[in-house]
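Remarks on the overall topology
Listed below are the residues making up each chain.
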Amino acid sequence: LRVDLESRRDALAETVFAEHVRAGRIEFRLRADRLDYEIPQELLEDLPERPRPLFRPDGHPLERSLFDPIFESMLDNRFESDIACYLDTQAALSWWHRNVARSGYGLQGWRRNKVYPDFVFAKTERDGRTALVVLETKGVFLKNEDTEYKRRLLVALTEAFDDSRLVRGGE
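Residues numbered from 1 in each chain as written. Predicted model: local features only at pLDDT ≥ 70, side-chain atom pairs only at ≥ 80, totals over all residues. Heavy atoms only, no water.

**Some points on the overall build of the chain**
In terms of regular secondary structure, the chain is built from three helices and three strands. The secondary structure elements of the chain, listed N-terminal to C-terminal, are α-α-β-β-β-α. Taking the intrachain contacts of the chain between residues at least 6 apart in sequence as the baseline, contacts between residues at least 24 apart amount to 56%. Accessible surface, the chain as shown: approximately 12400 Å² in total, 50% of it carbon and sulfur. (Helix = DSSP H or I, 4+ residues; strand = E, 2+ residues; numbered from the N terminus. Contact = heavy atoms within 4.5 Å. Areas by Shrake-Rupley, 256 points an atom, 1.4 Å probe, with all protein chains shown as cover.)

Structure follows, in structure tokens:
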């Protein structure tokens, strides 16, 4: 009974969420006010006694992370390390950041708890504009009941994102 009730509640909540997005009462865009998320200026991390720096497969240290250095223990698993190394080699990226769950950048959807994407990065588009991208990584080994929710939420927010109403700096 509880599973059926939760399923029905989530379906209704998603419908209301989508209606509010269409009506403009819920927006997914960058904000520049006191309620805006700010990328942290420092990162406190508990490290092992002998932390091992993370290197890309080409042997170079990571260069585009917002925080330097990056240690292996700062990422949850080898899958995330591989993604961090991949992001670090992409010429179109200005920077990347390994987001911290429950204290970092979170996205609120139609369920109670926020979704904390694993990575946030800035990428330069072909037209020269910068796009802020969030990335939630899900290896097959991590697939669980909320994987589909996160996928649908990120698709909905991506489709709803609109910064055309914002005034650009200097305008």
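From this point, things continue past the structure.
**Comments concerning the packing of aromatic side chains**
Applying the stated criterion across every chain, the model contains three aromatic pairs. Geometry around F119 places R98 over its ring, the cationic atom sitting 5.9 Å from the centre. Geometry around Y149 places R111 over its ring, the cationic atom sitting 4.4 Å from the centre. (Phe/Tyr/Trp six-rings, centres within 6.5 Å; stacked < 30°, edge-to-face > 60°. Lys NZ or Arg CZ within 6 Å of the ring centre and 35° of its normal.)

**Comments concerning helix 3 (residues 147-160)**
Compared with an ideal rise of 1.5 Å per residue, which puts 14 residues at 20 Å, helix 3 spans 20 Å between its outermost C-alpha atoms and is within 8% of the ideal. Along helix 3, the residues that are buried comprise T147, Y149, K150, L153, L154 and L157. Down the axis of helix 3, the sector holding all buried residues measures 160°, keeping them to one side. The elements touched by buried residues of helix 3 are helix 1 (2-23) and strand 3 (130-135). (Expected span 1.5 Å × (residues − 1). Buried < 20%, exposed > 50% of the residue type's maximum accessible area, 1.4 Å probe, protein only. Arc of directions from axis to C-beta.)

**Considering the pairing of strand 2 (residues 119-124)**
Here strand 1 (residues 93-98) pairs with strand 2 via five bridges, running antiparallel. Within strand 2, the position partnered with L93 by the bridge is K123. As defined by bridge partners, strand 2 adjoins strand 3 across six bridges and the pair is classed as antiparallel. Bridging across to strand 3, F119 finds its partner in L135. The turn linking strand 2 back onto strand 3 is made up of five residues, and G128 within it adopts a positive phi angle of 95°. (Pairing = 2+ DSSP bridges.)

**Some words on the environment of D82**
Note on placement: D82 falls in helix 2 (residues 78-88). Along the chain, D82 and F55 lie 27 residues apart, while their C-alpha atoms are 10.0 Å from each other.

**Structural notes on the sheet that holds strand 3**
The sheet built from three strands is open, its strands ordered 1-2-3 with antiparallel pairing. Looking at the sheet topology across the chains shown, the edges are occupied by strand 1 and strand 3. Looking at each pair of strands side by side, their axes are set apart by 15° on average, direction ignored. (Axes fitted to C-alpha atoms, helices over the stretch in contact; angles between N-to-C directions.)

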